[in-house]
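Chain by chain, the residues:
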Amino acid sequence: GDIVKDVLHTQLPAYLKGLPLPDTFSGFMELSGDQWKHFVPLLTVLFVVLTLPLILPMFFGKRKSSRVNNMISLEKDKVADAVNKLPGETKSVFCRCWKSKKFPYCDGAHVAHNKKCCDNVGPLIVNW
């Protein structure tokens, strides 16, 4: 209680009044090294306050899943599909982005995925 009040009402205003603030922005270029040392506590506090919201989520935020497949046969330990060539078929196009509603065949879902994620995944094209 009393310590916080002293810092906010006495020490902080005295510190801020004692800063060697120049009259113009270009005046900062003329400050000496000793004058710049007065700004170290203020710049340190500003740096911590401004970067903390960016740094904390990396350590305490929810971790993003590294899972690639978020919708196909999630109940299985491994997704494996066997595909047989159909009579008269000369080409098959298979999904590699795990977003196709026709999996294991490609339905072009990778196009939207690539735009959203700046990715470059495409289908596997098998010429029979």
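Placed above this text is the structure.
What you see is a predicted model; the values in this text were computed from it and never measured.

Asker: Lay out helix 4 (residues 109-117) in plain terms, naming residues and giving numbers.
Answerer: Every buried residue of helix 4 is accounted for by Ala109, His110, His113 and Asn114. Relative to the axis of helix 4, the buried residues are bounded by an arc of 130° and lie together on one face. What points out from helix 4, more than 90 degrees from its buried face, is the exposed set Ala112, Lys115 and Lys116. Backbone geometry just after helix 4 places Cys118 at a positive phi near 55°.

Asker: Mind laying out the pattern of salt bridges, listing which residues take part and the relevant values?
Answerer: Counting across every chain of the model gives one salt bridge. With a closest N to O distance of 3.5 Å, Lys37 and Asp34 form a salt bridge. Of this pair, Lys37 and Asp34 are both found in helix 2 (residues 33-37), three residues apart, which corresponds to roughly one turn of the helix. With relative accessibility at 53%, the residue Asp34 sits in the exposed group.

Asker: How would you summarise the pairing of strand 1 (residues 91-94) if you had to cite specific residues and measurements?
Answerer: Alternating positions in strand 1 separate cleanly, Ser92 and Phe94 being buried on one face and Lys91 and Val93 remaining unburied on the opposite face. Sheet analysis places strand 1 next to strand 2 (residues 124-127), joined by four bridges and oriented antiparallel. Within strand 2, the residue paired with Val93 across the bridge is Ile125.

Asker: Give a detailed account of the environment of Asp81, specifying residues and quantitative values.
Answerer: Residue placement: Asp81 occurs in the loop between helix 3 (40-60) and strand 1. Through-space distance from the C-alpha of Asp81 to that of Asp23 is 73 Å; in sequence the pair is 58 residues apart. Sequence-distant contacts of Asp81, that is, excluding residues within four places in its chain, are made with Phe103 and Pro104.

Asker: Tell me about unusual backbone geometry, and please be specific about residues and values.
Answerer: With an omega of 15°, the peptide bond between Phe103 and Pro104 qualifies as cis. Here Pro104 is to be found in the loop between strand 1 and helix 4. Even without being glycine, Ser73 reaches a positive phi, approximately 45°. Here Ser73 lies in the loop between helix 3 and strand 1. Judged by its relative accessible area of 22%, Ser73 falls in the partly exposed class. Although it is not a glycine, Trp98 adopts a positive phi angle of roughly 65°. By secondary structure assignment, the location of Trp98 is in the loop between strand 1 and helix 4.

Reading guide: rules and limits
Residues numbered from 1 in each chain as written. Predicted model: local features only at pLDDT ≥ 70, side-chain atom pairs only at ≥ 80, totals over all residues. Heavy atoms only, no water. Buried < 20%, exposed > 50% of the residue type's maximum accessible area, 1.4 Å probe, protein only. Helix = DSSP H or I, 4+ residues; strand = E, 2+ residues; numbered from the N terminus. Arc of directions from axis to C-beta. Salt bridge = Lys/Arg side-chain N within 4 Å of Asp/Glu carboxyl O. Pairing = 2+ DSSP bridges. Contact = heavy atoms within 4.5 Å.

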